[in-house]
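Listed below, chain by chain, are the residues.
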There are 2 protein chains.
Amino acid sequence: MAATKDPRPCSIADALALVGEKYSLLVLREVCLGNGRFDQLVRNIGAPRDILATRLRRLVDAGILTKRAYSERPQRFEYRPTQAGLELEPVLMTLMAWGDRHLRKDDDRPMVIEHVCGNELAPVVTCRACGDPVRHEDLAAHPQVSGWTVSGPSAA
Amino acid sequence: MAATKDPRPCSIADALALVGEKYSLLVLREVCLGNGRFDQLVRNIGAPRDILATRLRRLVDAGILTKRAYSERPQRFEYRPTQAGLELEPVLMTLMAWGDRHLRKDDDRPMVIEHVCGNELAPVVTCRACGDPVRHEDLAAHPQVSGWTVSGPSAA
DNA sequence: TATGGTGAGTTTGGATTTCCTACTCACCGG
DNA sequence: CCGGTGAGTAGGAAATCCAAACTCACCATA
C-alpha cells in the first residue's frame, strides 16, 4: 500500500524547506536590495549573528546566494543573489503587497518599490497563458502522484 | 537618535511573522485545496498535532482562516481560507513554480494546477500598471522611513 | 450494553533550535 | 600601541519542536 504517513509531495513544501526558515527570506530581501554584508544583514534584519551565519551558509549551499570577496586584505565578503535567488524576488514583492494590504492601516507602507515603467510597483500574479490575474476560483489542482486527493472547495 | 538596533520596518517581515512559521503556509495550501479538517491536515502536512493546533489558532486569530462546524453533534470542524487567506494563494503558486523550476529535475512536478483558461497554470508576477513581468533590474526600492538605506545593486 | 472507531484536539517529557552576550581574529588608521 | 570595524565562534539559558499517548464526545454494531 502507499505511504499513509508521509506528507504530500509538493514543491511548495520543498521550497519552504530551503527558504522557509526564520530570517531566510529577509536575508534575500536585503541581498536583493544590495545590502549583502554581514553586519548590514545583522542590523537590517535583527537576527542573531550565529543564526544569520547558519542561514547564509545554507542559502549559499542551496545556490540561492553567492559569497564573494569585495576586498582581500582585509578579507571582506558580500552576499549576492544568484539567478535562482533573483527569481524569488517576485515572491517577496507579492508577499509585501499582501502585507501592505492586510497588515497595515491606510497607506502607511514602510517601503515602496518603483517599477521601471515609472509607476509604483503593484505586483499581480497572472497566468502566463491567458494573462488573467490568478484567482482562487479559476484554479483546479491535480496531484500527479496517486494517493493524494484534493477536495473541490465545497461552495461557500 | 533613531533606533540603531531595530530591524528594518517592512511588510515582508510582518507578513512572515504571521505566516512564516513552520507549516503555516502548508496549512494554507491544504485549506485552499479544500482539505480543511484537522486529521487531513495532520496527514497531508506531516506536522505534529500540537503544533498544528497552535498554527490553526494563530491563523484564525490573524483572520487568514475561519473555523466552522460542518457537523454539530458530533461536533466536527473545518478550516477555510478567508479572503485574506485566498489572496495569499498566488504567493503559494509562485513559490511552487519556483520550486518546480529550481528544485526538481525535468518535469517531475508532484502537482499541476490547471487554470480556467484551459492551460496549465504558469504564474507570472507582473506590474499592474504596465503589465510587464517583474524583473529585478526593473525595480528600485525607496524606504519610506528615514534612516533606512538601500544600496543600488553594484553592477554584476 | 460492551467494543471499537473517528474527529479534534491536549498532555507529557525529551530532543532540537534559537537567542543573547561575549569573545576571537585579522586588519586598518592614527 | 590603541581603538575600531568586519566577519564570524563559543557557551549556556530559553523557547520550540516532536512523537506518542491520552482525553472526550459521539456514533455503529452486535
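Above this text is the structure in question.
Predicted model, so just to flag it, every value in this text is computed and none were measured. Within every chain, residues take consecutive numbers counted from 1 along the sequence as written. Following the order in which they are written, the chains are lettered starting with A and the ligands numbered starting with 1. Where totals are concerned, whole chains, interfaces and linings use all residues; where local detail is concerned, this predicted model gives features only for residues with pLDDT of at least 70, and gives and counts side-chain atom pairs only at 80 or more. The basis for every side-chain value is the complete set of heavy atoms in the structure, and neither hydrogens nor water enter the calculation.

**A few points about the nonpolar core**
This is how it is decided: Only buried residues count toward a nonpolar core, which is a set of Ala, Val, Leu, Ile, Met, Phe, Trp, Tyr and Cys residues joined through side-chain atoms within 4.5 Å. Between buried and exposed lies partly exposed: a residue is buried under 20% and exposed over 50% of the maximum accessible area for its type, with that area taken using a 1.4 Å probe on protein chains only. An automatic or database domain assignment is the source of the domain bounds shown. We call two residues in contact when some of their heavy atoms are within 4.5 Å.
The biggest cluster of nonpolar side chains holds 81 residues, and the ones touching the most others in it are Leu65(A), Ile64(B) and Leu65(B). Three or more residues apiece are contributed to this core by two domains, here domain 1 (9-87) and domain 2 (89-140) of chain B. The residues contacting Leu65(B), other than those within four sequence positions of it, are Val27(B), Leu28(B), Val31(B), Leu56(B), Leu59(B), Val60(B), Tyr79(B), Arg80(B), Pro81(B) and Thr82(B).

**Observations concerning the protein's contact with DNA strand D**
Operational definition: Working definition: residue near molecule or strand if any one of its non-hydrogen atoms lies within 4 Å of it. We call two N or O atoms a polar contact when they sit within 3.5 Å, provided that within protein one can donate a hydrogen and the other can accept it, with sequence-adjacent residues counted only if both atoms are side-chain atoms. A helix here means a DSSP run of H or I that spans at least four residues, while a strand means a run of E at least two residues long, and both kinds are numbered starting from the N terminus. Polar here means any residue outside two lists: the nonpolar Ala, Val, Leu, Ile, Met, Phe, Trp, Tyr, Cys and Pro, and the charged Asp, Glu, Lys and Arg; Gly therefore counts as polar.
Around DNA strand D lies a shell of 21 residues, among which Arg49(A), Arg76(A), Phe77(A), Lys22(B) and Arg55(B) are the nearest. Within the backbone of Phe38(A), an N or O atom sits 3.2 Å from a phosphate oxygen of DNA strand D. The contact in question runs from a phosphate oxygen of DNA strand D to an N or O atom on the side chain of Lys67(A), over 3.0 Å. Among the elements that line the surface near DNA strand D, the one with the most residues is helix H4 (residues 49-61) of chain B, at four residues. Across the surface near DNA strand D, the residue classes break down as eight nonpolar, no polar and 13 charged.

**Quick word on the packing of aromatic side chains**
Any two aromatic rings considered together are summarised by their centre-to-centre distance and by the angle between their planes. For the record, the criterion: Note on aromatic pairs: the rings of Phe, Tyr and Trp (six-membered ring only in Trp) are paired at centre separations within 6.5 Å, and the planes decide the class, stacked below 30 degrees, edge-to-face beyond 60, tilted for the rest. Two limits define a charge over a ring: the Lys NZ or Arg CZ must be within 6 Å of the ring centre, and within 35 degrees of the ring normal.
Taken as a whole and judged by the stated rule, the model has zero aromatic pairs over all chains. The side chain of Lys67(A) reaches across the aromatic face of Phe77(A), ending 4.5 Å from its centre.

**Re the interface of chain A and chain B**
Let me state the cut-off plainly: Take the accessible area each of two parts loses on contact, using a 1.4 Å probe, and add the two losses: that sum is the buried area. When a carboxyl oxygen of Asp or Glu is within 4 Å of a side-chain nitrogen of Lys or Arg, the pair counts as a salt bridge. A pair of strands counts as paired when DSSP detects no fewer than two bridges linking them.
If you look at the interface, chain A gives 90 residues, while chain B gives 90 residues. Both sides of the chain A and chain B interface together cover about 7700 Å² of buried area, and 64% of this is carbon and sulfur. Our enumeration of links across chain A and chain B arrives at six salt bridges. Of the charged contacts, one joins Asp14(B) and Arg104(A) as a salt bridge, the two residues approaching to 2.4 Å between their closest N and O atoms. Taken together, chain A and chain B are joined by 38 residue pairs in polar contact (both at pLDDT 80 or more). In terms of residue count, helix H6 (residues 89-102) of chain A provides more of the side of chain A that touches chain B than any other element does, 13 residues in total. When its residues are assigned to classes, the side of chain A that touches chain B shows 51 nonpolar, 20 polar and 19 charged. For strand S4 (residues 123-127) of chain A and strand S4 (residues 123-127) of chain B, the ladder comprises five bridges, and the chain directions are antiparallel. Residue pairing in the sheet places Thr126(A) in a bridge with Val124(B) of S4(B).

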